[in-house]
Amino acid sequence: MSILRENFLWGGAVAAHQLEGGWDQGGKGVSVADVMTVGAHGVPRRITDGVLQGENYPNHEAIDFYHHYKEDVKLFADLGLNCFRTSIAWTRIFPNGDEAEPNEEGLQFYDDLFDECLKYGIEPVITLSHFEMPYHLVTEYGGWRNRKMIDFFAKFARVCFERYKDKVRYWMTFNEINNQANYAEDFAPFTNSGIKYQEGEDREKIMYQAAHYELVASAQAVKIGHEINPDFQIGCMIAMCPIYPYSCDPKDMMMSVSAMQKRYWFTDVHVRGHYPSFMENYLARKGFALDITEQDLTDLTQGCVDYIGFSYYMSFAIKDHEKGPAFDYDESKDLVKNPYVEASDWGWQIDPLGLRYAMNWFNERYELPLFIVENGFGAIDEIEPDGTINDQYRIDYLKAHIEMMKEAVEFDGIPLIGYTPWGFIDLVSAGTGEMKKRYGFIYVDKDNEGQGTLKRFKKKSFDWYQQVIKSNGEAL
Ligand code: P53
């Protein structure tokens, strides 16, 4: 008997812009992902002014799932998935984001994709906004600095909910909405919120304003979704990297508490429908007079999420840096290396027990069902002379995390809906734009320069994960 529930959702997770390609096909508009070049570990992706000649934009073709989805879904079925997490590219539905009518060809693409999944008993799990908002909304409106985004997003959500109400039950609004807690770098503000900062702007204030509009838009979407289909389960999506105190020095502990507040208050608003006291005081202390209306506050109370979707890859650690009594957190500067754990080639600290810790943190605070919608190990895969890929390191990473997830269920009684490892078919890295940072059980022949046959084949981890699913998590 498995410790996991019988209808546990075993899946795999991807995002439209990281695998579909077909960036200018089927009436699709340009998204923020389409103007980001390829980078590397320590080399940020550049954000260009529109699509320029001669640049390498890895998301334009990605792994061309747009044209390969039938053979790919067949492979997903072979793997044994009972759910498939992807996103709906906003720019396929509203190419510019501000049109009156949606693009029928884009809507039809997702009808076809979802039908193809359902044919094999694979349930689609859908993120509405995963780092791929229309670029036009950036150039014309300044992205989520602008309150008008709320209406554009709510309309997009309504169109998707109405169209797919009989095909999709599990939804999420904004992918990793809290990444922008790191507002000092350009990546998260742009991918989360379509924000390009000008010299001298108060980045932090702008981030809080954008996040507020997103939280209101999310709440409106939840309300609309429940009206369209009361069976919908609509969640938030949080990038969970728990921030440990570096030592048992009480000051380190308090710094950790404060850092967790600044990175995860987004969840408080999503789940409870109001701002927590520490955020109200912080915004007031900083003198950030945000545009928050009475109607917004009402909206927030009416669109609380049904579950918490989250990604888990790594944990962080923090020292107090003599920042008391406020202990204000700056994600770009304050984190320190944790000497107790190892890191991936991209510096992501590997910490399976941190997953159990994170699940307990969520459970104690919110008592809502959890859904691990991303977890995985980005690594360089080598093809053996016989053509196989022996990705034991990936199996080791996932096995250790699944064990901890099961302990959280067994010992801590945590209600868990499912588990969808990230990038189970190789795709373009969000952070670096690379192909060589691979997460997949399915290899895709394509390199960082965009060369390759796009042929798909199974790695060793494919057979392993197939057994995991078949045994409902027992055969690890
Ligand atoms: P890549 C940072 C920290 C944690 C998760 O990331 C993150 C990021 C952004 O890089 O993103 C999520 O591809 C995200 C996916 C992304 C995946 O993690 O940078 O939801 O889109 O691909 C892995 O290795």
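Worth saying up front: this structure is predicted, and the values here are computed from it rather than measured. Each chain has its residues counted from 1, running along the sequence as written. Residues qualify for local features only when their pLDDT is at least 70, as the model is predicted, and side-chain atom pairs are given and counted only at 80 or more; totals for whole chains, interfaces and linings, by contrast, use all residues. Side-chain measures were taken over the full set of non-hydrogen atoms in the model, leaving aside hydrogen atoms and water.

Caption draft 1: Just unusual backbone geometry, in detail. Residue G324 is joined to P325 through a cis peptide bond whose omega torsion reads 0 degrees. Not every positive phi belongs to a glycine, and E176 is a case in point at roughly 40 degrees. Here E176 shows up in the loop between strand 4 (170-174) and helix 7 (187-193). Here's how the labels work: a residue is buried when its accessible area is under 20% of the maximum for its type, exposed when over 50%, partly exposed in between, all with a 1.4 Å probe on protein chains only. What makes E176 buried here is its relative accessible area of 9%. Phi is positive for L454, close to 65 degrees, though the residue is something other than glycine. Think of it this way: any DSSP run of H or I at least four residues long counts as a helix, any run of E at least two long counts as a strand, and we number them from the N terminus. Considering the arrangement of structural elements, one finds L454 in the loop between strand 14 (442-444) and strand 15 (456-458).

Caption draft 2: Highlighting the site of the ligand. Close to the ligand lie 16 residues; Q18, E374, A430, K437 and Y439 are nearest. Contacts described as polar in this section are N or O atom pairs within 3.5 Å, which, within protein, must combine one atom able to donate a hydrogen with one able to accept it, while residues neighboring in sequence count only if both atoms come from side chains. Here an oxygen atom of the ligand sits 2.8 Å away from a polar atom, N or O, in the side chain of H130. When the ligand is considered free in solution it has 470 Å² of accessible area, and contact with the protein chains removes 93% of it. The residue classification treats Ala, Val, Leu, Ile, Met, Phe, Trp, Tyr, Cys and Pro as nonpolar and Asp, Glu, Lys and Arg as charged. All others, Gly included, are polar. Per-class residue counts for the shell around the ligand are eight nonpolar, five polar and three charged. The nearness test applies per residue and asks whether one of its heavy atoms lies within 4 Å of the molecule or strand. Computed by Shrake-Rupley with a 1.4 Å probe, the accessible areas treat only the displayed protein chains as cover when residues are assessed.

Caption draft 3: Geometry of the sheet that holds strand 9 (residues 335-336). One bridge is not enough; two strands pair if DSSP finds at least two bridges between them. Here we have three strands laid out as an open sheet, ordered 6-8-9, and mixed in their pairing. Edge positions in the open sheet fall to strand 6 (243-245) and strand 9, since each of these has one partner strand only. Pairing geometry for strand 6 and strand 8 (residues 316-318), over three bridges, is parallel. By the bridge assignment for strand 8, P245 is matched with I318. Should any heavy atoms of two residues lie within 4.5 Å, those residues are considered in contact. Here an axis means a line fitted to C-alpha atoms, over the contact stretch when the element is a helix, while the angle between two N-to-C directions is reported on a 0 to 180 degree scale. Of the strands in this sheet, strand 6 and strand 8 are in contact with helix 9 (residues 250-272), which crosses strand 6 at around 165 degrees.

Caption draft 4: Representation of the packing of helix 6 (residues 148-163) against helix 8 (residues 203-228) in the model. In the contact formed by helix 6 and helix 8, the axes pass within 9 Å of each other and the chain directions differ by 25 degrees. Taken together, the axes of helix 6 and helix 8 are roughly parallel relative to one another. Our pair here, helix 6 against helix 8, has a crossing hand that is right-handed. Along the contact surface, helix 6 presents I150, F153, A154, A157, R158, F161 and E162, while helix 8 presents Y213, V216, A217, Q220, A221, I224, G225 and I228. Tallied by class, residues from the contact of helix 6 with helix 8 come to 11 nonpolar, two polar and two charged. Here the word oblique covers every angle except those under 35 degrees (roughly parallel), over 145 (roughly antiparallel) and from 65 to 115 (roughly perpendicular). By definition, any crossing whose near helix is turned counterclockwise from its far helix by less than a right angle is left-handed, and any crossing with a clockwise turn is right-handed.

Remember that the coordinates give geometry; whether it matters functionally is a separate question.
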